[in-house]
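# Survey of secondary and tertiary structure
Chain residues, written in single-letter form:
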Amino acid sequence: MTKGAVPEQLTHLGAFEISFEMLKLAQKNQKNNIFLNAGRGNPNWINTKARLAFNRLVEFGIKDSLRTINEHDMAGYTQLRGIAQRFEAFLDPEENRIDEFLVDALSYCRLELHLTPDALVKELVDGAIGNNYPVPSRVLSNTEIILNRYLEKALYGGAQLANHTQIFPTEGGTAAIVYLFNSLKYNHLIKPGDKIAINTPIFTPYLQIPELQEYDLVEVLLNSDEKNHWNISADEIDKLSDPSIKALFIVNPSNPGSRAFSLSALTEIEKIITKNPALMIITDDVYGTFAKDFQSVYAVVPRNTILVYSFSKLYGATGWRLGLIALRKDNIFDAMLKKLPETERQELDTRYEIITKHPRKLPFIERLAADSRSVGLYHTSGLSTPQQIMEVLFSLTHLVMRDREDAYFTACENLVALRYEDLHQALKIQPDESPENAKYYSLINIYHLAETRYDADFRHYLEANFDHLDFLVNLAQKNGVVLMDGMGFGAGDGTLRISQANLPTEDYYLIGKQILELLGEYHADYQKTLH
Ligand SMILES: *Cc1c(COP(=O)(O)O)cnc(C)c1O
């Protein structure tokens, strides 16, 4: 085995950058294997229904716009009066499955959400065409109601919060996180030296945001580990009862552990809030729908929690950049703004008085929208309207199921689960079938595998002689398989993250076999050292 296979410069890079370097190695791998990249979380499936429905909105919108101006390639605006009726006349639900969905979606919005048909259709159609700035800038009106229902149905596990929640759609979960951290900072809700808790292992960017690093935040890690199936224990959650811990950032279900907070962990969180009532929680629930019977922390302690969601993974929509921030109308963030010292309040008056006569009444969620455009450009802030409408259409595909199971959700869950089973079968590792396992990623510990497949001495040999990246680099260079270093996410030494999202299903068994094959080669080298 090539000792020191790890190029020196790799050790300084983040997990994503290491993975990129490894791609280059894997493409010209020594065994001439087909190159398999299971490093990234980008799904290799898409939702078709909402996308086709989007097209229908555009087609109808153009037709309706031609009623006011029709010259060369120029059309005018759609007209509010009678637009819902014209749209229904345009649709052909008997012949076209997508039109049938749109008719059903409109009837859902009318009957269940009590939305006004003309206003709703105009918002959808103009939004899809994109002929106006987002107005209101934070979120379109009907859009907010529909997105609220989606979040409630998909993530709250029965808690009814749709009518109490405000939404700010953003350019993916990525922008949501950036906006949140910036606004918490500008508004003095997070201060230099504050203690911030995170559940580890976690999506690396959370550990690397320089704006946060400048703040010299003290990180308190709530660890979960392999022995505990990456579940977070009550003892770890109990660390949060210390009131000097100001905020908790979580990814739930976690990335890379792919583990949802269990019911008992949620109960612990609820108890903690009675001991540390000012604890600010940010929960990123992008993988929520992949876990069985999921319930967001937002549903349990809504006043303390900001929810981040993204349509990227479930709907295969990373290129669209579709995310959102949700925050309860009555929340501790607004309450804490009112309690800031007078000097800080005056400073914030100056910051926001260019956009409102009553800066002290500006809620945190509006500050997020304003800050996202450096305050001054608040009036042209907001997610592009086609993006907002795409979020609405994805949401409606789920909402129209009413009490029925959403076959699309099940298909996505089953797909990652099948790949997970194949991988574990090839690796001869017991799969974890607990409902909290979202199965979007697997974490495989090479040292653990070495011990269970061979023995503890071999494990010690590996640990003592090889850098933790060695196996990963060899797997790319020799076998052409690219995985991600779990270490970079704060998982233990020798842990590899395998994404069940981005390769054809038949490849997962192969990946498992390649891992065992390479481990076998290390073992053969090890045996030579014994003589
Ligand atoms: C993939 C992922 C997202 C989605 O981010 P987008 O910017 O919406 O694509 C958010 N959070 C975590 C933890 C993720 O892994």
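What counts and how
Residues numbered from 1 in each chain as written. Predicted model: local features only at pLDDT ≥ 70, side-chain atom pairs only at ≥ 80, totals over all residues. Heavy atoms only, no water. Phe/Tyr/Trp six-rings, centres within 6.5 Å; stacked < 30°, edge-to-face > 60°. Helix = DSSP H or I, 4+ residues; strand = E, 2+ residues; numbered from the N terminus. Buried < 20%, exposed > 50% of the residue type's maximum accessible area, 1.4 Å probe, protein only. Axes fitted to C-alpha atoms, helices over the stretch in contact; angles between N-to-C directions. Parallel < 35°, antiparallel > 145°, perpendicular 65-115°, else oblique. Left-handed = near helix turned anticlockwise from the far one by under 90°. Contact = heavy atoms within 4.5 Å. Nonpolar A, V, L, I, M, F, W, Y, C, P; charged D, E, K, R; others polar. Patch = residues over 30% accessible without salt bridge, like charges linked within 9 Å, V, L, I, M, F, W, Y side chains within 5 Å. Areas by Shrake-Rupley, 256 points an atom, 1.4 Å probe, with all protein chains shown as cover. Salt bridge = Lys/Arg side-chain N within 4 Å of Asp/Glu carboxyl O. Lys, Arg positive; Asp, Glu negative; His and termini not counted. Charge placed at Lys NZ, Arg CZ, Asp CG, Glu CD. Domains from an automatic or database assignment. Pairing = 2+ DSSP bridges. Near = heavy atom within 4 Å. Polar contact = N/O pair within 3.5 Å; in protein donor to acceptor, adjacent residues only side chain to side chain. 1 Å grid on protein atoms, 1.4 Å probe; cavity = no way out; pocket = protein on both sides within 12 Å on 5 of 7 lines; lining within 4 Å. Points joined across faces, edges and corners; volume = space filled by probe spheres on them.

In this section: the packing of aromatic side chains. Throughout the structure, instances matching the rule amount to 28 aromatic pairs. Between Trp45 and Tyr440, the ring centres sit 6.4 Å apart and the planes meet at 70 degrees, which makes this aromatic pair edge-to-face. Highlighted residues: Trp45 in the loop between strand 1 (36–37) and helix 2 (49–65) and Tyr440 in the loop between helix 17 (407–427) and strand 11 (441–445), separated in sequence by 395 residues. In this structure Trp45 comes out as buried when scored by relative accessible area, which is 10%. Ring centres 5.4 Å apart and planes at 75 degrees place the aromatic pair Phe54 and Trp320 in the edge-to-face group.

This part is about the packing of helix 2 against helix 16 (residues 385–399). Close contact between helix 2 and helix 16 brings their axes to 9 Å; oriented N to C, the two are set at 130 degrees. By the criterion of interaxial angle, the relationship of helix 2 to helix 16 is oblique. Judged by the twist between their axes, the crossing of helix 2 over helix 16 is right-handed. Of the residues in helix 16, those touching helix 2 at Lys49, Ala50, Arg51, Ala53, Phe54 and Leu57 are Pro386, Ile389, Met390, Leu393, Phe394 and Thr397. The residue makeup of the contact of helix 2 with helix 16, split by class, is nine nonpolar, one polar and two charged.

What follows covers a negative patch on the surface. Taken together, Asp92, Glu94, Glu95 and Glu100 make up a surface patch of like negative charges. Here Glu94 lies in the loop between helix 3 (83–90) and helix 4 (97–111). On the basis of relative accessible area, Glu94 is assigned to the exposed category, the value being 73%.

Taken domain by domain, the chain comprises domain 1 (8–41 + 407–528), domain 2 (48–129) and domain 3 (141–399). Measuring from the centre of the C-alpha atoms in domain 1 to the corresponding centre in domain 2 gives 47 Å.

Attention now moves to the sheet that holds strand 5 (residues 195–200). Through backbone hydrogen bonds, the strands of a sheet pair up, either in parallel or in antiparallel fashion. Read from one edge of the open sheet, seven strands run 4-10-9-8-7-5-6, paired in mixed fashion. Looking at the sheet topology across the chains shown, the edges are occupied by strand 4 (165–171) and strand 6 (218–223). Taken pair by pair, the neighbouring strands of this sheet meet at an average axis angle of 20 degrees, ignoring direction. Inspection of the sheet shows strand 8 (residues 280–284) paired to strand 9 (residues 305–310) by four bridges, in the parallel sense. Each bridged residue has a counterpart across the sheet, and for Thr283 the counterpart in strand 9 is Leu307. This element, helix 6 (residues 141–155), spans strand 4, strand 9 and strand 10 (322–328) of the sheet and lies at about 95 degrees to strand 4. Against the sheet, helix 7 (residues 172–186) touches strand 4, strand 7 (245–251), strand 8, strand 9 and strand 10, its axis set at about 115 degrees to strand 4.

This part covers the site of the ligand. Taken together, 13 residues lie near the ligand, and Thr174, Asp284, Tyr287, Ser310 and Lys313 sit nearest. Within the side chain of Ser312, one N or O atom sits 2.7 Å away from an oxygen atom of the ligand. Burial of the ligand by the surrounding chains reaches 93%, relative to a free accessible area of 380 Å². The dominant element in the shell around the ligand, judged by the number of residues it contributes, is helix 7, at three residues. Here the shell around the ligand is built from residues that sort into four nonpolar, six polar and three charged.

Enumeration over the complete set of coordinates arrives at three cavities of 30 Å³ or more. Empty space within the largest cavity amounts to approximately 80 Å³. Along its surface, the largest cavity is lined by Ile446, Tyr447, Leu462, Phe466, Asp467, His468, Asp470, Phe471, Gly494, Leu496 and Tyr522. Counting residues per element, the ones that place at least two in the lining of the largest cavity are helix 18 (446–453) and helix 20 (470–479). Split by residue class, the lining of the largest cavity holds seven nonpolar, two polar and two charged. Computed from the structure, the second largest cavity encloses a volume of approximately 60 Å³. Lining the second largest cavity, in full, are Phe87, Leu102, Ala105, Leu106, Cys109, Leu120, Leu124, Ile146, Leu393 and Leu396. Where the lining of the second largest cavity is concerned, the elements lending two or more residues are helix 4, helix 5 (117–129) and helix 16. In terms of residue count, helix 4 provides more of the lining of the second largest cavity than any other element does, four residues in total.

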